Amino acid sequence: MAASSRAQVLRLYRALLRESQRFSAYNYRTYAIRRIRDAFRENKNIADPGKIEELLNKAKANLEVIQRQV
């Protein structure tokens, strides 16, 4: 994975976790954090640039959803 791609993934991961911390309900907050961590761990060994781009776009869409709900 290219360095810029890795930095972009880490930035997105931190942003997702940060936004998830803003849920007022404990259950929503812990569920969101657990799902984010599990998804990133599950996909950490993917090397295909096309698949990485697809997952990044999906994560960005999820970030927008979290931002709207918080």
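Our structure is the block above this text.
Residues numbered from 1 in each chain as written. Predicted model: local features only at pLDDT ≥ 70, side-chain atom pairs only at ≥ 80, totals over all residues. Heavy atoms only, no water.

Colleague: How should I be thinking about helix 1 (residues 3-20) in this particular structure?
Modeller: The periodicity of an α-helix, 3.6 residues per turn, causes residues three or four places apart in sequence to face the same way. Given a rise of 1.5 Å per residue, 18 residues ought to cover 26 Å, and the 26 Å separating the end C-alpha atoms of helix 1 matches this to within 8%. Residues Ser 5, Val 9, Leu 12, Ala 15, Leu 16, Leu 17, Glu 19 and Ser 20 constitute the buried set of helix 1. On its buried face, helix 1 is in contact with helix 2 (26-42) and helix 3 (49-69). (Helix = DSSP H or I, 4+ residues; strand = E, 2+ residues; numbered from the N terminus. Expected span 1.5 Å × (residues − 1). Buried < 20%, exposed > 50% of the residue type's maximum accessible area, 1.4 Å probe, protein only. Contact = heavy atoms within 4.5 Å.)

Colleague: Mind showing me how you'd approach the packing of helix 1 against helix 3 here?
Modeller: Orientation of helix 1 relative to helix 3, taken along the N-to-C sense of each, is 25°, at an axis distance of 10 Å. Overall, the two elements helix 1 and helix 3 adopt an arrangement that is roughly parallel. With respect to the hand of their crossing, helix 1 and helix 3 are arranged in left-handed fashion. Where helix 1 abuts helix 3, its residues Ser 5, Gln 8, Val 9, Leu 12, Ala 15, Leu 16, Glu 19 and Ser 20 lie against Ile 52, Leu 56, Ala 59, Lys 60, Asn 62, Leu 63, Ile 66 and Gln 67. Residues of the contact of helix 1 with helix 3, tallied by class, amount to nine nonpolar, five polar and two charged. (Axes fitted to C-alpha atoms, helices over the stretch in contact; angles between N-to-C directions. Parallel < 35°, antiparallel > 145°, perpendicular 65-115°, else oblique. Left-handed = near helix turned anticlockwise from the far one by under 90°. Nonpolar A, V, L, I, M, F, W, Y, C, P; charged D, E, K, R; others polar.)

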